[in-house]
Amino acid sequence: MGTSRIELRKTFESVADRYDAARPSYPAALYDDLVESAALVPGARLLEIGCGTGKSTAPLLERGFRVVCVELGSRLAAHARANLAGRAVDVHVASFEGWHGEPESFELVYAATAWRWVDPAVRYRKAFEALRPGGHLAFWNATHGFPEDFDPFFSEIQDVYDEIGESHEGDWPPASPESMPDDAAEIEASGLFDLPAVRRYVWEVRYSADEYIALLDTFSGHIAMDPVKRERLYGEVRRRLAAREEPVVRRHWSAILHVARRSEVGRRSVR
C-alpha cells in the first residue's frame, strides 16, 4: 500500500533546512496577476495555508499586505518566522483543517503548493468561512513542466527510476504545461465560489548535480524513498550530469493559478 497523503505531507518537516534553500521562488507575474484578480489593496489581510519557510509569503508582504500563516510543521514555521521577522506576519503552527481563526476576517485565503495536501472534504468550506464577503480563494502548485524543449535528461533518467521500482505513473513524456488540467470545475462544484480565473506560468531553472539532488530531497516521494534506492538514483544523477559538456540540468517549472470569488449563494448554503 502506498504512503498516504497525511503521512506524505508530514515529510516536509524533516527537510526544513533544505526546503528553504532548494525550492524556487514563483514568478513575479504570478503575484501581480493574483493581486489584480483578487482586487487586493495595500493593507488587506490575507491567510496563507501551508507557508513552509515563507517563500510565497514574502512577495505579498512586500506588496503591502498583512498575512496570517498556518503551517503544519514547527520547524518550517520557525524558518518562516526567521525569514519574515519584522514584517506584518503572524505564523501559527497547526493544520488548516484543525485551525480556528476569526471567521469572515480575510480578503484572501491562498495556498502555494499546499492546497493539494489539505483534506478535500473540508478545504473549500474552511476557506469560505475564513473569507469576508466578496473575498477570494487562490491556490497554485509548482510542478515539473514539460514544454516541447524540455531537457532530455529527464527521459534518460527514467530507466533508473524503472530499475529501482519507482517508475513514472502515466504517459511519458507528461502533458505539456498548456495541456495540464486545471481545477476550475472542482472549484465551481464546491458551490462556494464563483467564476474562477485560471492563468498559467512556465519558467526554467538550471541546476548542478548537487543543487538538483538538494531539490529532489524536498519532494515527498524522494524523502520517503528507501535509502538504497535513493543512493542508486542520486549516484546516476551525478554520473550522467558529470558526463555532459555543461554539467547542469534544465528543469522547467509550471504553475496554474486559480483565483475565485466567495459566492453569496454559497454563504446561504453553509448556514
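Analysis parameters
- Residues numbered from 1 in each chain as written.
- Predicted model: local features only at pLDDT ≥ 70, side-chain atom pairs only at ≥ 80, totals over all residues.
- Heavy atoms only, no water.
- Helix = DSSP H or I, 4+ residues; strand = E, 2+ residues; numbered from the N terminus.
- Rg over C-alpha atoms; globule rule 2.2 N^0.38 Å.
- Buried < 20%, exposed > 50% of the residue type's maximum accessible area, 1.4 Å probe, protein only.
- Contact = heavy atoms within 4.5 Å.
- Areas by Shrake-Rupley, 256 points an atom, 1.4 Å probe, with all protein chains shown as cover.
- Lys, Arg positive; Asp, Glu negative; His and termini not counted.
- Charge placed at Lys NZ, Arg CZ, Asp CG, Glu CD.
- Axes fitted to C-alpha atoms, helices over the stretch in contact; angles between N-to-C directions.
- Parallel < 35°, antiparallel > 145°, perpendicular 65-115°, else oblique.
- Left-handed = near helix turned anticlockwise from the far one by under 90°.
- Nonpolar A, V, L, I, M, F, W, Y, C, P; charged D, E, K, R; others polar.
- Salt bridge = Lys/Arg side-chain N within 4 Å of Asp/Glu carboxyl O.
- Polar contact = N/O pair within 3.5 Å; in protein donor to acceptor, adjacent residues only side chain to side chain.

**Student:** Would you explain the overall build of the protein chain in this entry?
**Tutor:** Each helix and strand in the protein chain was counted, giving 13 helices and eight strands. For 271 residues, the compact-globule estimate of 2.2 N^0.38 gives 18 Å, and the C-alpha radius of gyration of the protein chain, at 19 Å, lies within 12% of that figure. Across its three principal axes, the protein chain shows a C-alpha extent of roughly 60 × 40 × 40 Å. Buried residues in the protein chain amount to 50% of all 271 residues. In the protein chain, the share of contacts with a sequence separation of at least 24, taken over all contacts with a separation of at least 6, comes to 77%. As displayed, the protein chain has an accessible area near 12,900 Å², and 51% of this comes from carbon and sulfur atoms. Side-chain charges of the protein chain comprise 34 positive and 43 negative groups, with the mean position of each set lying 6 Å from the other.

**Student:** How do you make sense of helix 6 (residues 123–130) when you look at a structure like this?
**Tutor:** Of all eight residues in helix 6, six are buried, a share of seventy percent or more. Those residues of helix 6 lying buried are R123, Y124, K126, A127, F128 and A130.

**Student:** How do you make sense of the packing of helix 10 (residues 209–216) against helix 12 (residues 227–242) when you look at a structure like this?
**Tutor:** How two helices pack is summed up by the angle between their axes together with the distance between the axes. Where helix 10 contacts helix 12, the two axes come as close as 10 Å, and the packing angle between them is 150°. Between helix 10 and helix 12, the crossing angle belongs to the class labelled roughly antiparallel. For the pair helix 10 and helix 12, the crossing hand works out as right-handed. Within the contact between the two elements, helix 10 uses A209, D210, Y212, I213 and L216 and helix 12 uses Y234, V237, R238 and L241. Of the residues that constitute the contact of helix 10 with helix 12, the class distribution is seven nonpolar, no polar and two charged.

**Student:** Help me understand the side chain of E48 in this model?
**Tutor:** Along the chain, E48 falls in strand 1 (residues 45–49). Summary of buried charges: E48 has no salt-bridge partner, and the nearest side chain of opposite charge, R87, is 11 Å away. Among the polar contacts made by the side chain of E48, one reaches the side chain of Y110 at a distance of 2.8 Å. Contact partners of E48, with chain neighbours within four places excluded, come to S56, T57, V67, V68, C69, V70 and Y110.

**Student:** Any chance you could explain the pattern of salt bridges here in plain terms?
**Tutor:** Between side chains of opposite charge, a pair can form as their charged atoms come close. Following the criterion strictly, the structure yields 20 salt bridges and no others. Taking the shortest distance from any N to any O, the salt bridge between R232 and E236 comes out at 3.3 Å. Highlighted residues: R232 and E236, both in helix 12, separated by four residues, approximately one helical turn. On the accessibility criterion, R232 (36% relative accessible area) is partly exposed. The salt bridge involving R262 is made with E264; its shortest N-O contact spans 3.8 Å. Looking at R262, the relative accessible area reads 0%, which means it is buried. Connected via shared salt-bridge partners are D159, E163, R232, E236, R239 and R240.

**Student:** Help me understand the environment of G101 in this model?
**Tutor:** Among the structural elements, G101 can be located in the loop between strand 3 (89–93) and strand 4 (106–112). Residues G101 and V68, 33 residues apart in the sequence, show an inter-C-alpha distance of 9.7 Å.

**Student:** Would you take a moment to explain the environment of F106 for this structure?
**Tutor:** Take F106: it is sitting in strand 4. Of the residues examined, F106 reaches a relative accessible area of 1% and is grouped as buried. The sequence separation of F106 and G235 amounts to 129 residues, and the corresponding C-alpha distance is 47 Å. Each residue touching F106, except ones within four places of it in the same chain, is listed here: R45, L46, L47, V68, W99, A130, L131 and R132.

Bear in mind that shape data such as this cannot, by itself, settle questions of function.
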